[in-house]
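Structure at a glance
Now for the letters of each chain:
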Amino acid sequence: MENSNTIQLLAKTYSDNLQTLLNQMFYQLILQTMFLFAVIALQLNTSQLLSAEQPSRPNIVMILADDQSYRDFGFMGNTLVHTPHLDQLAAKSARFPNGYVPMSVCRPSLATLLTGLYPHQHGIHFNHPPPGLKQMQEMTAEEYRATRAKAEHLIRDVPSLPRLLTDIGYVSFQAGKHWEGDFQNAGFTHGMTTGLPADISDAIHGTREQKNGEWVAHGNGDAGLVIGRTTMQPVTDFIAKNAESPFFLWYAPFLPHTPFDAPQEFYDCYADRDVPDYLLPYYAEIARFDDTVGQLLNCLDQHNLREQTMIVFVSDNGFRPDASGKPKQDSRSKLSSDEDGLRTPILLNWPGVILPAEFSQLVQSIDLIPTILDSVGLSEKVTSQMQGRNLLPAVTGSAELPDRPAFGAIYPNDADVLGKPELHARGVWVRAGNYKLILPGNGKQRLSPALYDLQSDPEENQNLIHNPDYLPQKTQLTQLLKEWWPAGFHH
């Protein structure tokens with residue numbers, strides 16, 4: 001009997017202990033499950049927050065100045081010029097004061113911004129196709145249009161940013177300068193340029209009269225050139241209509257390009273500033289351009305789009321007015337190998353993603369396509385031909401930006417033949433560090449060889465090409481050009 005009681009007591013004790021153990025395991029399982037759900041919820045919430053802060057596919061807005069020197073911005077240190085809206089944008093952007101375009105005239109430079117390729121790669125190294133503008137003016141309107149159309153396949157033959165974005169659901173709008181005929185040739189879904197003469201009453205250098213009295217599209221944007229000069233409504237309407245969709249906006253107004261016909265209000269911006277007379281009409285156009293940038297940014301704000309929009313700013317090429325007062329460029333800016341033709345500031349803005357900072361390293365307009373493609377999740381579309389580098393890791397603070405040379409070539413305004421850029425190059429150039437080398441090309445009117453130390457001689461007045469003390473720099477930069485485009489210069 002005693003043994004039986006002992007066994008019952010042991011059994012009860014075992015049962016109690018087992019129940020306690022099971023209860024502890026059950027509660028522990030509940031706690032672990034609750035913890036797991038809390039972690040999952042936290043991760044989901046964090047993911048949603050990150051998604052709200054950094055949309056995977058931002059809107060892309062490219063703002064392009066037309067004929068504006070790198071030195072003619074307030075944020076670049078110019079205390080006379082009136083650029084308050086661009087200055088405010090720059091203050092909130094990643095700034096690259098040492099940016100370069102590959103060619104110092106609009107069409108080749110704009111084609112590079114559409115493709116991420118150098119002019120000798122995309123083949124658009126000219127403003128006017130063969131046989132050149134002078135002879136084309138003798139043609140009938142039908143002949144003129146057919147002649148321009150012969151070069152339009154060049155932009156269709158290479159990947160373009162609008163086409164790549166369309167493939168992932170973007171809508172796009174072309175406004176302003178566009179040399180490639182109808183906007184659809186470059187892959188835009190919507191646009192203003194048709195390749196046909198605009199209404200003559202609206203013509204602003206985009207429509208021209210032939211010798212026989214017929215009217216044709218000059219080639220640089222026709223109906224699109226009213227944007228910024230007479231209206232902003234096509235742009236603001238596009239933004240309003242597509243505020244809920246990812247979009248790409250190409251805003252390339254014919255500003256501050258000639259004709260210098262800015263309204264008086266933009267001259268009044270300089271009433272208390274001692275601006276030289278020959279600069280004042282050009283500076284008034286810059287103030288006019290800046291005002292349109294303010295209108296564009298305000299439209300984005302009205303639709304609460306700034307935080308989901310990546311803004312890119314760059315000039316297509318530089319310009320400095322002739323000191324004689326004539327409305328034309330001086331010989332050392334547009335169409336030249338000088339800094340006033342090739343250098344441009346580049347701005348990248350995306351609130352909450354791109355950190356406001358200044359980068360002194362050399363960058364190029366070919367860098368913008370890889371950067372934009374990464375920002376929308378299309379890094380795999382960067383082809384082996386695209387020699388630009390992705391700037392997004394640097395401007396988001398996740399990587400350093402190493403130094404790298406900048407390259408380009410100078411071509412005449414007209415092409416003699418299509419498909420042979422090496423036969424047209426007047427010269428090639430490279431900047432590495434503080435030094436810039438220019439070597440003659442194989443084309444007509446070859447450039448003279450030159451070497452400049454841009455740190456001590458930013459105006460490029462002292463040619464060091466024959467100075468034996470700079471032979472190492474000359475040799476090094478010559479080798480860089482040989483590796484970049486061996487067919488581009490005269491050996």
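Just so you know, these numbers come straight off a predicted model, no measurement behind them. (Residues numbered from 1 in each chain as written. Predicted model: local features only at pLDDT ≥ 70, side-chain atom pairs only at ≥ 80, totals over all residues. Heavy atoms only, no water.)

**Structural notes on the overall build of the chain**
In plain terms, the rule: Secondary structure elements are defined from DSSP: runs of H or I of at least 4 residues count as helices, runs of E of at least 2 residues count as strands, and each element is numbered from the N terminus. Should any heavy atoms of two residues lie within 4.5 Å, those residues are counted as being in contact. The accessible surface values rely on the Shrake-Rupley method and a 1.4 Å probe; as for residues, cover is taken only from the protein chains in view.
Each helix and strand in the chain was counted, giving 15 helices and 15 strands. Excluding contacts between residues fewer than 6 apart, the proportion of contacts in the chain whose partners are at least 24 apart in sequence is 68%. Only carbon and sulfur atoms are counted for the fraction: they give 53% of the accessible area of the chain, which is about 21900 Å².

**Remarks on the environment of Leu225**
As a reminder of what qualifies: Note on exposure labels: buried denotes an accessible area under 20% of the residue type's maximum, exposed denotes more than 50%, and partly exposed covers the range between, all computed with a 1.4 Å probe on protein chains only.
With respect to the secondary-structure elements, Leu225 resides in the loop between strand S6 (215-217) and helix H9 (233-241). The class of Leu225 is buried, set by a relative accessible area of 1%. Sequence-wise, Leu225 and Thr207 are 18 residues apart; in three dimensions their C-alpha atoms are separated by 9.7 Å.

**Comments concerning the pairing of strand S15 (residues 450-453)**
Applied cut-off: In short, DSSP must find at least two bridges between two strands for them to pair.
Of the two faces of S15, the one holding Ala450 and Tyr452 and the one holding Leu451 and Asp453 are both buried throughout. Pairing geometry for strand S14 (residues 435-440) and S15, over four bridges, is antiparallel. Pairing of Tyr435 across the sheet is with Asp453, part of S15.

**Digging into the confidence of the model for the chain**
Just so we agree on the cut-off: As a per-residue measure, pLDDT tells how confident the predictor is, with possible values from 0 to 100.
Taken over all residues, the pLDDT of the chain has a mean of 91, while the share at 70 or more is 88%. Counting contacts from residues 33-55, a segment whose pLDDT is below 50, to residues more than four positions away or on other chains yields six contacts.

**Points about the nonpolar core**
Side chains that are nonpolar tend, in soluble globular proteins, to be buried together. Where we set the bar: Residues belong to a common nonpolar core when they are buried Ala, Val, Leu, Ile, Met, Phe, Trp, Tyr or Cys residues joined through side-chain atoms within 4.5 Å.
Core analysis: the biggest nonpolar cluster contains 51 residues, and Met62, Phe96, Trp250 and Leu348 have the highest contact counts within it. Top element by residues in this core is helix H3 (residues 106-115). It accounts for five residues. Counting 34 residues, the second largest nonpolar core, distinct from the first, contains Ala406, Ile410, Leu447 and Ala450.

**Here we look at the side chain of Arg389**
Put simply, the test is: None of His or the chain ends enter the tally, which takes Lys and Arg as positive and Asp and Glu as negative. Salt bridges, as used here, are contacts in which a Lys or Arg side-chain nitrogen is within 4 Å of a carboxyl oxygen on Asp or Glu. As used in this structure description, the phrase polar contact means that two N or O atoms lie within 3.5 Å; if the pair is within protein, one of them must be able to donate a hydrogen and the other to accept it, and residues adjacent in sequence are counted only when both atoms belong to side chains.
Following the sequence through the fold, Arg389 ends up in the loop between helix H13 (368-375) and helix H14 (392-395). The buried charged residue Arg389 lacks any salt bridge partner; its closest oppositely charged side chain belongs to Asp367, at an N-O distance of 4.2 Å. At 2.7 Å, the side chain of Arg389 forms a polar contact with the backbone oxygen of Leu362. Ignoring any residue separated from it by four or fewer positions in sequence, one finds Arg389 in contact with Gln361, Leu362, Val363, Asp367, Pro370, Thr371, Leu401, Pro402, Asp403 and Arg404.

**Quick look at the sheet that holds S14**
We apply this condition: For helices, the fitted line uses only the C-alpha atoms of the stretch in contact; every axis is such a line through C-alpha atoms, and the angle between N-to-C directions lies from 0 to 180 degrees.
A sheet is described by the order of its strands in space; here four strands give the open sequence S12-S13-S14-S15, paired in antiparallel fashion. Because the sheet does not close on itself, it has two edges, and the strands there are strand S12 (406-410) and S15. Between one strand axis and the next, the sheet turns by 15° as a mean value, whatever way the strands run. With respect to the sheet, helix H15 (residues 471-484) is in contact with S12, strand S13 (427-432), S14 and S15, its orientation differing from that of S14 by roughly 60°.

**Here's the deal with the packing of aromatic side chains**
For clarity, the cut-off: Here a pair means two rings of Phe, Tyr or Trp (six-membered ring of Trp) with centres within 6.5 Å. Their orientation is stacked below 30 degrees between planes, edge-to-face above 60, and tilted elsewhere.
All chains considered together, the criterion is met by 18 aromatic pairs. Seen from their ring centres, Phe260 and Phe319 are 6.2 Å apart, and the 85° between their planes marks the pair as edge-to-face. Here Phe319 lies in the loop between strand S8 (309-315) and helix H12 (339-342) and Phe260 lies in the loop between strand S7 (247-252) and helix H10 (264-268), a separation of 59 residues in the sequence. A single burial state applies to Phe260 and to Phe319, both of which are buried.

**A word on the pattern of salt bridges**
Going through the model one piece at a time under the given rule, you end up with 18 salt bridges. Here Lys177 makes a salt bridge to Asp66, at a shortest N to O gap of 2.8 Å. Of this pair, Lys177 sits in the loop between strand S3 (171-176) and strand S4 (190-191) while Asp66 sits in the loop between strand S1 (59-65) and helix H2 (84-91), placing them 111 residues apart in sequence. As far as burial versus exposure is concerned, Lys177 and Asp66 are alike and both buried. Where Arg404 meets Asp367, a salt bridge forms, and the shortest distance between an N and an O atom there is 3.7 Å.

**Concerning H3**
Counting buried residues along H3, 10 of its 10 residues qualify, which places the element largely inside the surrounding structure. The complete set of buried residues in H3 reads Cys106, Arg107, Pro108, Ser109, Leu110, Ala111, Thr112, Leu113, Leu114 and Thr115. Note on H3: the residue one or two positions beyond its end, Gly116, has a positive phi of about 75°.

**Brief notes about helix H11 (residues 280-302)**
Condition: Multiplying one less than the number of residues by 1.5 Å gives the expected span of a helix.
Along its 23 residues, H11 runs 33 Å from first to last C-alpha, staying within 8% of the 33 Å computed at 1.5 Å per residue. Note on H11: the residue one or two positions beyond its end, Asn304, has a positive phi of about 55°.

**Points about the environment of Gln476**
With respect to the helices and strands, Gln476 occurs in helix H15. In this structure the C-alpha to C-alpha distance between Gln476 and Leu437, which are 39 residues apart in sequence, comes to 9.8 Å.

**Focus on the environment of Tyr470**
The topology assignment puts Tyr470 in the loop between S15 and H15. Assessed through its relative accessible area of 23%, Tyr470 is described here as partly exposed. Each C-alpha atom of the pair Tyr470 and Asp453 lies 9.7 Å from the other, and the pair is 17 residues apart in sequence.

**Brief notes about the packing of H9 against H11**
For the record, the criterion: Any angle that is under 35 degrees is reported as roughly parallel, and any over 145 degrees as roughly antiparallel; angles of 65 to 115 degrees are reported as roughly perpendicular and all others as oblique. By convention the crossing between two helices is left-handed if the near helix lies anticlockwise of the far one by an angle smaller than a right angle, and right-handed if it lies clockwise. Residues were grouped as follows: Ala, Val, Leu, Ile, Met, Phe, Trp, Tyr, Cys and Pro as nonpolar; Asp, Glu, Lys and Arg as charged; and all remaining residues, including Gly, as polar.
Two elements in contact, H9 and H11, have axes whose closest approach is 10 Å; the angle formed by their N-to-C orientations is 20°. Taken together, H9 and H11 sit at an angle that is classed as roughly parallel. Regarding H9 and H11, the two cross each other, and that crossing is right-handed. On the side of H9, the interface is formed by Val235, Thr236 and Ile239, while H11 contributes Leu296, Cys299 and Leu300. Looking at the contact of H9 with H11, its residues break down into five nonpolar, one polar and no charged.

**Observations regarding unusual backbone geometry**
Between Pro130 and the following residue, Pro131, the backbone shows a cis peptide bond with an omega angle of 10°. Inspection of the secondary structure assignment puts Pro131 in the loop between helix H4 (119-122) and helix H5 (133-136). Pro256 follows Leu255 through a cis peptide bond whose omega is 0°. Of note in this structure, Asp67 is not a glycine but carries a positive phi near 70°. One can find Asp67 in the loop between S1 and H2. The phi dihedral of Asn304 is positive, around 55°, even though this residue is not glycine. For Asn304, the position within the fold is in the loop between H11 and S8. The class of Asn304 is exposed, set by a relative accessible area of 65%.

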